[in-house]
Amino acid sequence: MEIFQSQLNRKLSEALAAAGFPPAGDVSPATDPRFGDYQSNAALVLGKKRGENPRKIADAIVSRLDVAEICEQPNVAGAGFINFTLKREAVEKKIAEMLHDERLGVASATSPRKIVVDFGSPNVAKPMHVGHIRSTFLGDALARIAEFLGHDVIRDNHIGDWGTQFGMVIWGWKNLLDLESLKRDPIAELVRIYKETNERATKDEAVREAARAELVKLQAGDPENYSIWKQCVDLSMREFSKAYELLDIHYDIVRGESFYNDRLPAVVERLLKSGLAEMSEGAVCVFFRDIPELVDKPCIIRKRDGGYNYATTDVATVDYRINDLKANAIWYVVGAPQILHFKQIFAIARREGYTADFHHIAFGSILGADRKLMKTRSGENVPLHDLLEEGMTRARAIIAEKNPELAESERNEIAKVIGIGAIKYADLSQYRMTDYIFSWDKMLSLHGNTAPYLQNAYVRIRSIFRKAGAVSLREAPALSEPAELNLAKRLSQFAEIVPQVLNDFRPNILANYLFELANSFHTFYEACPVLKADEPVRSSRLALCDLTGRVLQRGLKLLGIDVPERM
Ligand code: ARG
């Protein structure tokens, strides 16, 4: 099932060729529905290039455009835009096809890729910060969408389970650990001992030295320290897993930093041997003398004291993902502060001859009401777990008010879907690079661009069907009312929107589409009675309702968000 947009693109390039013009861009959705459904600025582009009148060029193109199958006669407007308005019959046909299609018209990628998505990746024994939370939501949504489009996706949790912090953690474990607290809230206790040791170390040379000695012992394979380290990793993983379960997030592999530890010496040797790295003031560095923005930013891959670092691990990680996992694309969903780091890593990989697609999918921050980085009242990172709990508690109160009849167990189930959906959606509906202010009231509102609003639209549709009794959906709905036609056109755009998300890794495009779909549905529902309509209009409208519900459900699921049957 070809989408309208690519059908029009094909026709446009045929017309351009017939008129003797070179290719000149694709059609895009109309900016203003009064002008139609799609538009092309090809004539403007060509006019500028050739110094000719764009309107004349537009006329020449239009006279060779053969789109009668799906569009009214295209018209030329303004300085030379070509506008396309879909024919009602074409939309009706599309809707009939969608009704029978599990994939709702979304085609599979023509060249599927093997993509490693590196997302979430929290650090053991350090507080998970909101950067990890954003990465988790964003990475999961992108992985779901890539998978739906037919790519082979490997979700990898690159946890920070190795590194200098373990010197402090082990010293803290041996000197400060409170076993009761560890049992109650392992991550909080690990964070506490890490922080307290860190504080002591800044003040006290002896503690600093002792922590360093613990790290050296760990790296040398000392059994006691290794066992403490292992317990820290296991306890943390267990806690992360609880959050992942609540969030419905799954990983295919967890290859933390420690996994690459014994590969690091060989990485540095190799880079030295190939001349990509060199000794500089006792450290091993890669210089980027030919990359203007990195000229004065060498990447250290072995420190002066012989230790390896985050960058060394990432170079080894590239090897593993490409040589062992056979990936041809790697997506790193990591906050904007690491832009420089990934530029360096990708530059090294390219110099080593790797041709895979590397993408750093960066994102901005979550802010508190004071427009500063979101923190707890005492200035700590907000634990993910607390955030999720609060979301569910607040959702429970809203549902209790909206629908007091619901049984307690059902209310809790729904509160989970609404609370977690609201948090995820607040994040995913923003352009990833923008910082946004975290606001419970806003994200849980039943009005506006929120998950509860979309979930409520879905619930409304389900309730129509509960009231409708036994229905047979009309195979080929008739779209006689403007609100019906408008809703149907929106539905047909789902297949255009989903693949677009991956062009620049923007799930917000899908979120905004779903919001507009829900708006079109409400307009339709107000203008067009469904259950009270006579046949065959009734079953035709029910078919539109059904399709809207399915697109909402599928679209939200691609963002990692569920829908309740009632709320
Ligand atoms: N653990 C890292 C951090 O908290 C994120 C890891 C991202 N992935 C990577 N391959 N470097 O900053």
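An account of the accompanying structure is given in this report. (Residues numbered from 1 in each chain as written. Predicted model: local features only at pLDDT ≥ 70, side-chain atom pairs only at ≥ 80, totals over all residues. Heavy atoms only, no water.)

**Comments concerning unusual backbone geometry**
Formally: A run of DSSP states H or I qualifies as a helix once it reaches four residues; a run of E qualifies as a strand once it reaches two. Both are numbered from the N-terminal end. Accessibility here uses a 1.4 Å probe with only protein chains present; expressed as a share of the type maximum, an area under 20% marks a residue as buried, one over 50% as exposed, and anything in between as partly exposed.
Looking along the chain, the bond that leaves Glu535 and enters Pro536 is cis, with omega of 5°. By the element assignment, Pro536 lies in the loop between α19 (507-527) and α20 (537-558). Of note, the phi angle at Glu281 is positive, near 50°, even though the residue is not glycine. Checked against the element boundaries, Glu281 lands in the loop between β7 (278-280) and β8 (283-286). Looking at Glu281, the relative accessible area reads 69%, which means it is exposed. The phi torsion at Lys326 lies on the positive side, around 65°, for a residue other than glycine. Mapped onto the fold, Lys326 is located in the loop between α12 (310-324) and β10 (329-333).

**Quick notes on the sheet that holds β7**
The strands that make up a sheet pair up through hydrogen bonds in the backbone, lying either parallel or antiparallel. Keep this limit in mind: Strand pairing is assigned whenever DSSP identifies at least 2 bridges connecting the two strands. Axis geometry follows a simple rule: fit a line to the C-alpha atoms, using only the stretch in contact for helices, then measure angles between N-to-C directions, giving values from 0 to 180 degrees. A contact between two residues is defined here by any heavy atoms of the two lying within 4.5 Å.
Strand order in the open sheet made by the three strands is β7-β8-β9, with antiparallel pairing throughout. At either end of the open sheet lies a strand with only one pairing partner, and these are β7 and β9 (299-302). Strand-to-strand twist of the sheet, defined as the mean angle between neighbouring strand axes without regard to direction, takes the value 50°. As paired elements, β8 and β9 share three bridges and run antiparallel to each other. Across the sheet, the residue bridging to Val286 is Cys299, located in β9. The sheet contacts of helix α11 (residues 264-273) involve β7, β8 and β9, and relative to β9 the element is tilted by about 120°.

**Structural notes on the state of the cysteines**
Here is the rule: Criterion for a disulfide: a pair of cysteine sulfur atoms within 2.5 Å.
Tallied over the full model, the rule gives zero disulfides. Distance from the sulfur of Cys528, which forms no disulfide, to the nearest cysteine sulfur (Cys545) is 9.5 Å. Judged by relative accessible area, which is 1%, Cys528 ranks as buried.

**A closer look at the packing of aromatic side chains**
Basically, it comes down to this: Stacked, tilted and edge-to-face are the three classes applied to pairs of Phe, Tyr and Trp rings, where Trp contributes its six-membered ring and a pair requires centres within 6.5 Å; stacked means planes under 30 degrees apart, edge-to-face means over 60, and tilted covers the rest.
Taken as a whole, this structure holds 17 aromatic pairs when the rule is applied. A centroid spacing of 5.8 Å and a plane angle of 75° characterise the contact between Tyr260 and Tyr320, whose relative ring orientation is edge-to-face. Note that Tyr260 is positioned in the loop between α10 (223-247) and α11 and Tyr320 in helix α12, a separation of 60 residues in sequence. Looking at Tyr320, the relative accessible area reads 7%, which means it is buried. Pairing Phe342 with Phe346 gives two aromatic rings, centres 5.8 Å apart and planes at 40°, and the pair type is tilted. With Phe342 and Phe346 both in helix α13 (residues 339-351) and four residues apart, this pair spans about one turn of that helix.

**Some remarks on the site of the ligand**
For the record, the criterion: Proximity criterion: a residue is near a molecule or strand once any of its heavy atoms comes within 4 Å of it. Pairs of N or O atoms are called polar contacts if they sit within 3.5 Å, as long as, within protein, a hydrogen donor faces a hydrogen acceptor (for residues adjacent in sequence, only side-chain-to-side-chain pairs). Residue burial considers only the protein chains on display, and all accessible areas are found by Shrake-Rupley using a 1.4 Å probe. Residue classes follow a fixed rule: Ala, Val, Leu, Ile, Met, Phe, Trp, Tyr, Cys and Pro count as nonpolar, while Asp, Glu, Lys and Arg count as charged, and any other residue, Gly among them, counts as polar.
Surveying the vicinity of the ligand reveals the residues Asp118, Ser121, Asn123, His132, His158, Tyr310, Asp314, Tyr332, Val334, Gln338 and Phe342. A distance of 2.7 Å is found between an oxygen atom of the ligand and a side-chain nitrogen or oxygen belonging to His132. Expressed as a share of its isolated accessible area of 350 Å², the protein-covered part of the ligand is 92%. When the residues that make up the shell around the ligand are grouped by side-chain class, the tally is four nonpolar, five polar and two charged.

**Quick word on the sheet that holds strand β1 (residues 28-29)**
The strand order across the open sheet built from four strands is β1-β2-β4-β3, with neighbouring strands paired in antiparallel fashion. Each edge of the open sheet is held by one strand with a lone partner, namely β1 and β3 (75-77). By the bridge criterion, three bridges tie β3 to strand β4 (residues 81-84) in an arrangement that is antiparallel. Its bridge partner lying in β4, Asn75 is registered against Asn83.

**Some words on the side chain of His360**
Structurally, the position occupied by His360 is in strand β11 (residues 357-361). Among residues more than four places away in sequence, those in contact with His360 are Tyr332, Val334, Gly335, Gln338, Ile339, Phe342 and Phe346.

**Structural notes on a nonpolar patch on the surface**
Here is the rule we go by: Think of a patch as exposed residues, more than 30% relative accessible area, with no salt bridge, where like charges cluster within 9 Å and nonpolar side chains (Val, Leu, Ile, Met, Phe, Trp, Tyr) cluster within 5 Å. Think of a salt bridge as a Lys or Arg side-chain nitrogen and an Asp or Glu carboxyl oxygen that are within 4 Å of each other.
A surface patch of nonpolar side chains, about 220 Å² in accessible area, is lined by Ile339, Tyr431 and Met433. Checked against the element boundaries, Ile339 lands in helix α13. Overall, Ile339 belongs to the partly exposed group, its relative accessible area being 33%.

**Let's talk about the pattern of salt bridges**
For the coordinates displayed, the defined rule picks out 39 salt bridges. Asp37 is the salt-bridge partner of Lys489, the closest N and O atoms lying 2.9 Å from each other. A residue pair is termed long-range when its members are at least 10 positions apart, and Lys489 in helix α18 (residues 482-501) and Asp37 in the loop between β1 and β2 (38-40) qualify at 452 residues. There is no split in this pair, since Lys489 and Asp37 are both buried. Among the salt bridges present, the one from Glu196 reaches Arg200, with a minimum N-O distance of 3.2 Å. Taken together, the residues span about one helical turn, with Glu196 and Arg200 both in helix α8 (residues 186-203) at a distance of four residues. Look at the salt bridges and you will find they share partners, linking Asp140, Arg144, Glu147, Arg155, Asp248, Lys557 and Asp562 into a network.

**Looking at empty space enclosed by the protein**
Quick note on the threshold: Using a grid of 1 Å spacing that covers the protein atoms alone, one calls a set of points a cavity when a 1.4 Å probe fits there but cannot get out, and a pocket when the set is open and has protein on both sides within 12 Å along at least five of seven lines; lining residues are those with an atom within 4 Å of a point. Grid points are joined across faces, edges and corners, and a volume is the space filled by probe spheres set on the points.
Inspection of the entire model under this criterion finds two cavities of 30 Å³ or more. By volume, the largest cavity is sized at about 60 Å³. Lining the largest cavity, in full, are Met1, Glu2, Ile3, Phe4, Lys94, Met98, Leu104, Gly105, Leu491, Ser492, Ala495 and Glu496. Elements supplying a minimum of two residues to the lining of the largest cavity: α4 (88-99) and α18.

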